Amino acid sequence: MSEDVRMTLDEVRALARKVLLGAGLSRAHAEAVAETMVAGERDGCASHGIYRLLVAANSIAKGVVAVDADPVVSEPAPALVRVDGGGGFAQLAFERGRPLLAKKAQGYGIAALALNNVVHFAALWPEVEALAQDGLVALAVTPSHAWVAPAGGTQPVFGTNPIAFGWPRPGREPFVFDFATSAVARGEIELHRRAGKAVPDDWGYDADGQPTTEAAAVLNGAMRTFGGHKGSALAAMVELLAGPLIGDMTSRESLEADAARGGSPIGGELIIAIDPAGFLGSAVTEHLARAEAMFGAIEEQGARLPSQRRYAARARSLTEGVAIPAALYRDIMALVPGE
């Protein structure tokens, strides 16, 4: 078998759905989760693409995920939306809550959505990009499992605790960024482990608290925050916003709830949406143009805006398809019923 297997995005989607349905996930969940994986492959984010089928299937097999959970939407306050995911994956819960979040943001100027009791395994940028495409400014945060040590320590307290932001841009793709407050996404370390590659010695510690370049040792020890104390403070902020503030678990509590099953993080997610017209009224076009002037000043000096690389990869993959490493493809095909 060659090094890579070429697939169209439709083929990735069909394979993802087939594996997820075969693993026991309900059709509604399988379709929502598959779209997240397709988005990862489409945008050149391999650590959040079809590789996550292995992660999702493992969580299903270990009993971490409620495979047929029916998310319940409620309104705890006029500008707030809550979705109880019932222990299912977060994607369907977001789909159920997104329309009401957008409606409230457009009605009140600002609104927030709390996803509770959901299982996370992917990036946050699909959520904020979707809201930005609705013309809203969006911010999303979520804890995970306690895999990351605070600055000055060597034992896990935080999750990778990503922060994602989306800004609408008239006539073009939104400005979007999504980054872990850890030095690197955990999936990136796992891809290094699968490939037998060393990791930089500033990515994490082994179980004894010593710096290491062995991917497996970091996965079994503790990851580091990015930017020292600054990343550590942001990680703590995420814990508070998407944990105690919305009545859900911190990363340490998520790991305890996992009970050594080795599944994906369980907990909450907070998404805030702001309608620029709520502040600006009829002047919204004028002030969005000022934002475009800032973006132009960045690009004119050769700097790259966040998400530009993803959008370039998207343009290629929509016509050329994507390349899946052969070893990963074999592992995924082993999950297909009857294969």
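The present account deals with the structure reproduced in this document. (Residues numbered from 1 in each chain as written. Predicted model: local features only at pLDDT ≥ 70, side-chain atom pairs only at ≥ 80, totals over all residues. Heavy atoms only, no water.)

On to the pattern of salt bridges, then. Following the criterion strictly, the structure yields 14 salt bridges and no others. Put simply, R17 and E35 hold a salt bridge, and the shortest N to O gap is 3.7 Å. On the criterion of sequence distance, the pair formed by R17 in helix α1 (residues 9–22) and E35 in helix α2 (residues 27–42) is long-range, its members being 18 residues apart. On the basis of relative accessible area, R17 is assigned to the partly exposed category, the value being 27%. (Salt bridge = Lys/Arg side-chain N within 4 Å of Asp/Glu carboxyl O. Helix = DSSP H or I, 4+ residues; strand = E, 2+ residues; numbered from the N terminus. Buried < 20%, exposed > 50% of the residue type's maximum accessible area, 1.4 Å probe, protein only.)

This paragraph deals with the sheet that holds strand β2 (residues 72–77). Strands sit in the order β2-β3-β4-β10-β5-β6-β7 across an open sheet of 7 strands; the sheet is mixed. Looking at the sheet topology across the chains shown, the edges are occupied by β2 and β7 (172–179). On average, each strand axis in the sheet is tilted by 15° relative to the strand beside it, whichever way the strands run. Here strand β6 (residues 163–169) runs beside β7; their pairing, made up of 6 bridges, is antiparallel. In the sheet register, G166 faces β7, and the bridge partner there is V176. The strands touched by helix α4 (residues 90–108) are β2, β3 (80–84), β4 (110–119) and β10 (266–274); relative to β4, the strand with the most contacts, the crossing angle is about 170°. (Pairing = 2+ DSSP bridges. Axes fitted to C-alpha atoms, helices over the stretch in contact; angles between N-to-C directions. Contact = heavy atoms within 4.5 Å.)

A few words now on helix α13 (residues 326–333). Looking only at α13, the buried set comprises A326, L328, I332 and M333. Looking straight down α13, one finds that the buried residues subtend no more than 160° of arc, so they occupy a single side. Of the surrounding secondary structure, the elements contacted by the buried residues of α13 are β1 (4–7), α1, α3 (52–61), α6 (186–195) and β11 (322–325). (Arc of directions from axis to C-beta.)

Mapped onto the secondary structure, S59 falls in helix α3. We classify S59 as buried; its relative accessible area is 0%. Excluding residues that lie within four positions of it along the chain, S59 makes contacts with V64, V65, G263 and S264.

None of the figures reported here should be taken as evidence of function without further support.
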